[in-house]
Amino acid sequence: VQLQASGGGLVQNGGSLRLSCAASGRTSSSYALGWFRQAPGKEREFVAGIDWSGGTTSYADPVKGRFTISRDNAKNTVYLQMNSLKPEDTAVYYCAGRYSKVSSVYRSRNYYAYWGQGTLVTVSS
C-alpha cells in the first residue's frame, strides 16, 4: 500500500490546517493509521493514531484537545485536523499504516510498515 500525505503549509500562531493521508494500492479498511512528526534535530514522535474502524483514537499529550484524527474508509483517507497551532508544532508530518483488524492504536513507529513521504507544517509566531 502507498500513502500520500498532503495539506501542509505555512500558518500563523493559533491557526488551523487539515492534513490528509490517502492510501492507494492494496487498500482495504483493515489497517490502523498514525500521524508522526519530526522537527529539525529531533526524533520522530507520535502525534495521533486511529484504529481500522475509526472507533478508537489516541493522541500525544502536547496535541490533546487541539488535534483530531478521523478517517473515511470509503475514500481510503485519514485526516488530521489541527487547530490552535503553535510554533512548536512546526515539523514534517508523516502518516504511517499497518494492517490490523483489532481496535488498537499503535503509538510506536516500530509497529508501522508503510510510510508516506511527509508534509511540512510551519507555524509562525
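Our subject is the structure that appears above.
Residues numbered from 1 in each chain as written. Predicted model: local features only at pLDDT ≥ 70, side-chain atom pairs only at ≥ 80, totals over all residues. Heavy atoms only, no water.

Enquirer: Just to check I follow, could you spell out the overall build of the protein chain for this structure?
Expert: When its secondary structure is counted, the protein chain shows zero helices and eleven strands. Overall, the protein chain shows an N-to-C arrangement of helices and strands of β-β-β-β-β-β-β-β-β-β-β. Relative to the globule expectation of 14 Å for 125 residues, the C-alpha radius of gyration of the protein chain, 13 Å, shows essentially globular dimensions. Overall, the C-alpha framework of the protein chain stretches about 40 × 25 × 25 Å when taken along its three principal axes. Of all 125 residues assigned to the protein chain, the portion counted as buried reaches 43%. (Helix = DSSP H or I, 4+ residues; strand = E, 2+ residues; numbered from the N terminus. Rg over C-alpha atoms; globule rule 2.2 N^0.38 Å. Buried < 20%, exposed > 50% of the residue type's maximum accessible area, 1.4 Å probe, protein only.)

Enquirer: What's the story with the nonpolar core in this structure? I'm lost.
Expert: A general trend in soluble globular proteins is that nonpolar side chains are found buried together. Membership of the largest hydrophobic core comes to 26 residues, with the highest contact counts inside it found for Trp 35, Val 47, Phe 67, Ile 69, Leu 80, Met 82 and Tyr 93. Of all the secondary structure elements, the ones that give two or more residues to this core are β1 (2-6), β3 (17-24), β4 (31-38), β5 (45-50), β7 (67-72), β8 (77-82), β9 (91-99) and β11 (119-124). It is β3 that provides the largest number of residues to this core, a total of four residues. Discounting residues that sit within four places of it in the chain, Phe 67 has contacts with Arg 37, Val 47, Tyr 59, Leu 80, Gln 81, Met 82, Asn 83, Leu 85, Asp 89 and Tyr 93. (Core = buried A, V, L, I, M, F, W, Y, C linked by side-chain atoms within 4.5 Å. Contact = heavy atoms within 4.5 Å.)

Enquirer: Would you explain the packing of aromatic side chains in this entry?
Expert: For any pair of aromatic rings, the description rests on two quantities: the centre-to-centre distance and the angle between the ring planes. Applying the stated criterion across every chain yields a total of seven aromatic pairs. Aromatic side chains Tyr 106 and Tyr 111 sit 5.3 Å apart centroid to centroid with 50° between the ring planes, which places their arrangement in the tilted category. Residue Tyr 111 is classed as partly exposed on the basis of its relative accessible area, which comes to 46%. Ring plane angle 90° and centroid distance 6.4 Å describe the contact between Tyr 106 and Tyr 112, whose orientation is recorded as edge-to-face. (Phe/Tyr/Trp six-rings, centres within 6.5 Å; stacked < 30°, edge-to-face > 60°.)

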